[in-house]
Structures are given as structure tokens and as C-alpha cells.
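# Coordinate analysis (summary)
The chain contents come next:
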Amino acid sequence: MPELIETPKQISASCLHQQGKYKQTNFGLYSHIRGTNVSYGDVNSLTPAVKAFVEESVALCQPDQVHICDGSETENKLLLKLMLEVGTIIPLPKYENCWLARTNPADVARVESRTFICTETKEETIPTPKEGVKGTLGNWISPADMDKAINERFPGCMKGRTMYVVPFSMGPVGSPLSKIGIEVTDSAYVVASMRIMTRMGAAVLAELQKQGDFVRAMHSVGTPANGVVERTAWPCDPERTIILHKPDANLIVSYGSGYGGNSLLGKKCFALRIGSTIAKREGWLAEHMLILGVTNPKGVKTYLTAAFPSACGKTNLAMLNPSLPGFKVECVGDDIAWMKFDANGDLRAINPENGFFGVAPGTSVETNPIAMKTVFKNTIFTNVAYTSDGGVYWEGMESSLADGVEITDWLGNPWNKSSGKPAAHPNSRFCTPAAQCPIIDPAWEDPAGVPISAILFGGRRPAGVPLIYEARNWAHGVFMGAAMRSESTAAAEYKGKIIMHDPFAMRPFFGYNFGHYVQHWLSMESHGKNLPKIFHVNWFRKGADGKFMWPGYGENSRVIDWILRRVNNEDCFLDTAVGRIPAQNELHLEGMKDQVDLTEIFSLPKDFWLKETEDIKNYFDSQIGKDLPKEIYLELKMLQERIENEL
Ligand code: TSX
Ligand code: MN
């Protein structure tokens, strides 16, 4: 194998990796934590509280050595070398600093059924479903059972391995909207990925010296055969995988999986689940939303957020290439928004992340040229296919495949178009720095956040739901979020083409009782002087011919143009039973290639909406019951009455 990365001269990676042995690093100081050697990093950079957390973790997990991450280039090279040696990653010499990780085939996605929130009482975590109904708004675990789950898995789980201490900031280091976490993990893949997805390293430890609060996150890929460390390329323990959150203690514990959402604990576990509980306590919002900035032809810049369930093209919208002349979209984030009303009553948002952990299949020069310009440097790919010329391949990349190139699928088998299965795993990912996105917003790291003027909800709705409609007021908008549904995804555990409820696109990510979450959203109305307007979009309505009625992608800028005019309070709307839609000729379609039947795309079939509101009522009754605020039931009732009377 050619020497693809420069080995740091002072550090002998293979020595570091040998069980029970280590060599002096360039830090020159022998140090220990609970008798365990610190092979890299400076113990004195840890605050007493961080040191105590590391000590507890070391005592429990019994790693051979401790590595305190500084986020440096030297450290990253060491991690890459370690991963290359054991086969966790392979190089992708076609690109600059890109790597392919292939997981154990049993460890390819988040595992919702093994994800728990721990509170004293069940009611704090999940609404009580109706008798005989299985709740789908999260899983509760008691403190005693959480302790038991930890004690059954963690003691000695890092024997023969290195424990990495990963200091990370969600949000720009030092922003008043940011929060700090410490993740301990025995996975070099997790460290390298956290370095991309969060602000990681010494600067975070320095910030902690100023303000000490942090979220504790403990992660191990696990050890299936008790006590025996497997030197496999992707160690994991799928049978005993568990992801635990204890909001009262700002604690995350994850065992058995190295996969993204289960192991990069800053993302779903912290920024959404623990984040939403902190946000509730502190009076702000932690949401599963993209953030984008739009500049109109007059040069006016407006920021929006949008919450969509998976498979709706959230990353594509975050990097939109507008077809409307004179419009410009810039990206602040593609997955998570932390939002808080400032002293002026403006809602301000930060993207707590530092990278994109995007689904690869479907990403192409046709669907998202900006993403394709982002991901081919400094990127860790996971479970995509690779090509004989040292590149990557996934479903959707057909048009950029050179002749004579051979493909190896995500499992390592030769692949061609007649193989009958996808080359890349459908949930395969790119993990890439946000800063290298060519349309990253100039204010994406503004510590004050960007001012949000509109919030979009949406879903994949083949029938009945118009292209765009606007909420009549805040409470109606909150109802729209609570009533969100989408044609189901292939990414999670639930499969098949059914219209699934996914309120606020947060169903797998609530950190506390959904009924209380909705109450919190309603309460936000009184915090804001300049409340954002709320909209619902649907790019996916199909006509009688079974074809999509709206061309989507860049043409969505026409919908955004109308939203911006509404934000500006222009009188360009028409009231309907479900909300406000563009008035005649107010959705600008000039210069559009495709013909769009506006009457059909904005039609509101009475039978559909009667059934839809009945489904929503059944969902609310069976899943949330008394925990759903009465204002939301009232919104539903008023909607049903308008449907009855106006459609
Ligand atoms: O991301 C999508 N967006 C948002 C883009 C900013 N997708 C892909 C969804 C899967 C992740 C879309 N798919 C969008 C969309 O607006 N619309 C559609 C549906 C659609 C697909 C293909 C065509 C039209 C609509 N047309 C042709 O294939 C020619
Ligand atoms: Mn997401």
C-alpha cells in the first residue's frame, strides 16, 4: 500500500495500539488517570469536573490507556493511521483526505427501539397512549433499569483499548447559544467523525475553564465476547446495543454501536434529545430543522428554518440552487437548529453542528450539485461503494461514473447494475465539514445566531396536501407541526410506503413528553415580539397520472419567493379552510419549463381533509391523550369545522 498519509514522526501509532503498552508521546510528561496511562494529551487541561468524569469512566470501562483529544492535525493523522492499520477505513486516493469506513453489516442505522430516556416517572418522558396502544413517541427507562443496563455492559468494556476523551462544543465555541459536551469513547472512528461534526479539542477545554457546565456522554462500541477484545475493523455488539439519556443529569450513555446517530453523541442524543430538555428548562427550542438564508433580487436577506421527516430532501433544500433569477440561497445548517428569542424579541438560530452527516444515495449533480462540490475532500464516507479508480459510488451517481471503472459494493463484493441490490447501503453517509460548502452562509458561525423570519413544516404527501399553505397564527402553526405526516422512510426501522405521523420531524428525537413539548412551543408565542410565520410545504403531491405535480428542487425557490413576500406582510394570499395559500397569480411561475396545474396542486378535496383530520384526531387520542394541550384539540376542532363548512 502506498504511503497515503504522513505518519507523525514523534508518535508511534502501532506502539500506541499494542495492548498494555504505550510509548511516550511528544507531550513528554508521564501522566495517569486512576493508574491508567495517559498516552496523548494533557491531564492538566481538564477541569476538575471533567477529570472526575474521566476518572469515573476509566474506573468503569478499564481502558488500557487514555487519550485526551486536542483536535490537532497531528492527532487526526494518528487516528487515521490507527484506523488504516485495523481496516476500519480504506483510503480514497482519487480525492484529497477522503476515507471510506465500512461497518459491521449489523450496525448500519440508528436503533430507535433501543433508545431510551430516563426519568423518575414515565409521564415525564412519554405521553400515556390509549389502553392497548403501543406508544411511538419515545421509550422510557427507570433510573434503576438504566443503572442495571450500564452495569451489565460497561464494566471492563474497554479492556485492551484506548479511551478517547473528546471535548466538543455544539455551536461556535463561546457563543451564548452553544453548549459543551465531553464524550468518552473507545472508537477512533467516532473521534475522527466528531472532529468533523463538532468543534472539537483544546479550544473547548479552554472554554470550559471559563464556564464549567457540560453534558457527559459515555460511548463504547462494546465487547460481545465478554472480556475478549476483538481487533476487528468494526467492533460492535448489536445484540446488546442501547442508547440511554438522563436529562436530569445531562448524561448520555451509548453502548454497542459505532454508527452515526448511536455514537456521534453530539448530534441526535445531545443536540436534539438532551438539547430539547435543556431548551424547555431555559426557554428556547432545539429542533430537527435546516437553516437557510435567502437573498431576493432587491438584496434583502431573510433566514428560514424547515423541519421535514427523512427522505424529503432536507439537505437538498438547505443547499438549494434557486431557479428564480436574482435569488440566492446560502446554507447555515442541514439538520439541527437551536433557536432562542433575543432581547429584542427576534428569534435567533444557530446550527449547533460543524459538518454534514448526510445520506449519500440520491445525492448527485442533478439533485444537489452543491453537496457534490462539498464532499470530495476531508470527508469520511461510511457504507458507500468504492470504485477501482479510488473513488466512491452510490445510487444516483450513475451519470458521473467513468467508463471501465469497476465497483465494489458496501459489503466488499464486486458489483454491477445487474447485481439486483444497491451498491451503497441506503443509509450510507458522507461526514464532511460544513465550512467547505461553497454556499455556506457568511453568518453561519455568528455567535448571536441568524434571525429567523419563517418556519417551514413539510412532508412527503402524495395526495390532498397543497404545495404551500400558511398558518393563520402561532397556535395554528404549532398544530400544523404536531399534525405532520410523511410517506415513510427507508432509513429507520419502520419500512413500507405508508403515511407515518412524524410531529415536528422529531418523533425519534423528543427528550421529554411530546404533550409538554407542544405546550412549550405554544408558550413561545409570548417570548417573541417578531414571531416567525409558520408554513407547510409539500413538494411531493402526485397527479391522477401518478406523476409528481411539482418539479421541485430549484423551482422550490418560487415557493420561497411567496413565503418571503408573506414575511413582508404582502397581501398575496387567499384564506382557505386549511390555511393561507397564494392568491391568483401570486405564485410566480414565469419562465418555468414544466407546466403546473395550479388548480390541482392547490385543490383541497373535502373527503381527503375529512379523513386526514379524523386520522390526526385518532393519532392525538391514541398516542397523546390528556397530555396534548387543549389549544391543539381546539385548533383541530376549528379546522374540522372549516372543512365541513368551507370545502
Ligand atoms: O430533495 C428533493 N426536493 C427538495 C429539493 C430542494 N427531492 C428528493 C427527495 C428525496 C431525498 C425531491 N423529489 C423534490 C424536491 O423538491 N421533489 C421531488 C419529486 C420529483 C422527482 C423528480 C422530478 C420531479 C419531482 N422530475 C424528474 O425526475 C424529471
Ligand atoms: Mn436528521
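We now turn to the structure provided with this report. Since we're looking at a predicted model, the values are computed, not measured.

Moving on, we come to the overall build of the chain. Within the chain, the regular secondary structure consists of 17 helices and 33 strands. Computed over the C-alpha atoms, the radius of gyration of the chain is 25 Å, within 12% of the 26 Å expected from 2.2 N^0.38 for a compact globule of 647 residues. Expressed along its principal axes, the backbone C-alpha trace of the chain runs to roughly 75 × 60 × 45 Å. Within the chain, buried positions represent 60% of all 647 residues. The long-range share in the chain, meaning contacts at least 24 apart out of those at least 6 apart in sequence, stands at 74%.

What follows deals with the coordination of the manganese ion (ligand 2). Around the manganese ion (ligand 2), the protein contributes the donor atoms K268 (NZ), H288 (NE2) and D335 (OD), at 2.1 to 2.2 Å from the metal centre. Spacing between the donor residues of the manganese ion (ligand 2) along their common chain follows K-x19-H-x46-D. Taken together, the residues span a long stretch of sequence, with K268 in helix α9 (residues 266-282) and H288 in the loop between β14 (285-287) and β15 (290-295) at a distance of 20 residues. Comparing K268 with H288 shows no difference in burial state: the two are buried.

What follows is about α9. Taking 1.5 Å per residue, 17 residues should reach 24 Å; α9 reaches only 19 Å between its end C-alpha atoms and comes up short. Its axis deflected by about 45° at G275, α9 carries its strongest bend there. Directly beyond the C-terminal end of α9, a positive phi value near 85° is found at G283.

Attention now goes to the pattern of salt bridges. On inspection of all chains with the given rule, the structure shows 33 salt bridges. Across the salt bridge formed by E330 and K301, the nearest N and O atoms sit 3.0 Å from each other. Remark: K301 occurs in strand β16 (residues 301-307) and E330 occurs in strand β17 (residues 328-333); sequence separation between them is 29 residues. Under the relative-accessibility criterion, E330 is labelled buried at 12%. Bridged by salt links that share partners, the residues K267, K268, K314, D335 and E353 form one connected network.

Our focus in this paragraph is the sheet that holds strand β21 (residues 380-382). One open sheet accounts for five strands, arranged β4-β5-β21-β26-β20; its pairing is mixed. The strands lining the two open edges of the sheet, one partner per strand, are β4 (89-91) and β20 (355-359). The sheet shows a mean angle of 20° between the axes of neighbouring strands, direction not considered. As defined by bridge partners, β4 adjoins strand β5 (residues 99-101) across three bridges and the pair is classed as antiparallel. Of the residues in β5, the one forming a bridge with I89 is A101. Sheet contacts for helix α3 (residues 73-86): β4 and β5; angle to β4, the most-contacted strand, approximately 100°.

Close to ligand 1 lie 15 residues, the nearest being G313, N316, G552, Y553 and N556. Separating an oxygen atom of ligand 1 from a side-chain N or O atom of N316 is a distance of 2.8 Å. Between ligand 1 and N556, the relevant distance is 2.9 Å, taken from an oxygen atom to a side-chain nitrogen or oxygen of the residue. For ligand 1, whose unbound accessible area comes to 640 Å², protein coverage reaches 66%. Partitioning the shell around ligand 1 into residue classes produces 10 nonpolar, four polar and one charged.

Moving on, we come to the pairing of strand β8 (residues 162-170). Taking burial as the measure, the nine residues of β8 include nine buried ones, the bulk of the element. Of the two faces of β8, the one carrying T162, Y164, V166, F168 and M170 and the one carrying M163, V165, P167 and S169 are both buried. Alignment of strand β3 (residues 65-68) against β8, held across four bridges, turns out to be parallel. Each bridged residue has a counterpart across the sheet, and for V66 the counterpart in β8 is M163. In this structure, β8 lies alongside strand β9 (residues 179-185), joined through seven bridges in antiparallel fashion. For Y164, the partnering residue across the bridge sits in β9 and is T185.

This paragraph deals with the packing of aromatic side chains. Considering all chains together, one arrives at 29 aromatic pairs under this definition. With a centroid separation of 6.4 Å and an interplanar angle of 90°, the aromatic rings of Y469 and W609 are classed as edge-to-face. Remark: W609 occurs in helix α16 (residues 606-624) and Y469 occurs in strand β28 (residues 468-470); sequence separation between them is 140 residues. Neither Y469 nor W609 differs from the other in exposure class; each is buried. Within the aromatic cluster, the residues linked to one another by ring pairs are F457, W474, F504, F510, Y512, F514, Y517 and W521.

Conventions used here
Counting starts from 1 at the beginning of each chain's written sequence and moves along it residue by residue. Lettering for chains starts from A, numbering for ligands starts from 1, and both go in the order in which the items are written. Predicted model: local features are reported for residues with pLDDT of at least 70 only, side-chain atom pairs are reported and counted for 80 or more only, and whole-chain, interface and lining totals are derived from all residues. The side-chain values count all of the structure's non-hydrogen atoms but skip hydrogen atoms and water molecules. Starting at the N terminus, helices and strands are each numbered in turn, a helix being any DSSP run of H or I of at least four residues and a strand any DSSP run of E of at least two. We compute the radius of gyration from the C-alpha atoms alone; for a globule the expected value is 2.2 Å times N to the 0.38, where N is the number of residues. The rule is simple: take the accessible area with a 1.4 Å probe, protein chains only, and divide by the maximum for that residue type; under 20% is buried, over 50% is exposed, in between is partly exposed. Contacts are assigned to residue pairs that have any heavy atoms within 4.5 Å of one another. With water excluded from the atoms, a metal site may look incomplete; its donors are any N, O or S atoms within 2.8 Å, or within 3.2 Å for Na, K and Ca. Multiply 1.5 Å by the residue count of a helix minus one, and that product is the helix's expected span. In this scheme, the bend at a residue equals the angle between the axes fitted to the seven residues that finish there and the seven that begin there. We count a salt bridge whenever a side-chain nitrogen from Lys or Arg sits within 4 Å of a carboxyl oxygen from Asp or Glu. In short, DSSP must find at least two bridges between two strands for them to pair. Every angle, taken between N-to-C directions, lies between 0 and 180 degrees, and every axis is a line fitted to C-alpha atoms, over only the stretch in contact when it is a helix. When at least one non-hydrogen atom of a residue lies within 4 Å of a molecule or strand, that residue is treated as near it. As used in this structure description, the phrase polar contact means that two N or O atoms lie within 3.5 Å; if the pair is within protein, one of them must be able to donate a hydrogen and the other to accept it, and residues adjacent in sequence are counted only when both atoms belong to side chains. The Shrake-Rupley method, run with a 1.4 Å probe sphere, supplies the accessible areas, and residue values consider only the shown protein chains as cover. Classification convention: Asp, Glu, Lys, Arg as charged; Ala, Val, Leu, Ile, Met, Phe, Trp, Tyr, Cys, Pro as nonpolar; all other residues, Gly among them, as polar. Two rings from Phe, Tyr or Trp (for Trp, the six-membered ring) form a pair when their centres are within 6.5 Å of each other. A pair whose planes differ by under 30 degrees is stacked, one over 60 is edge-to-face, and the rest are tilted.

Nothing here speaks to function; it is all geometry.
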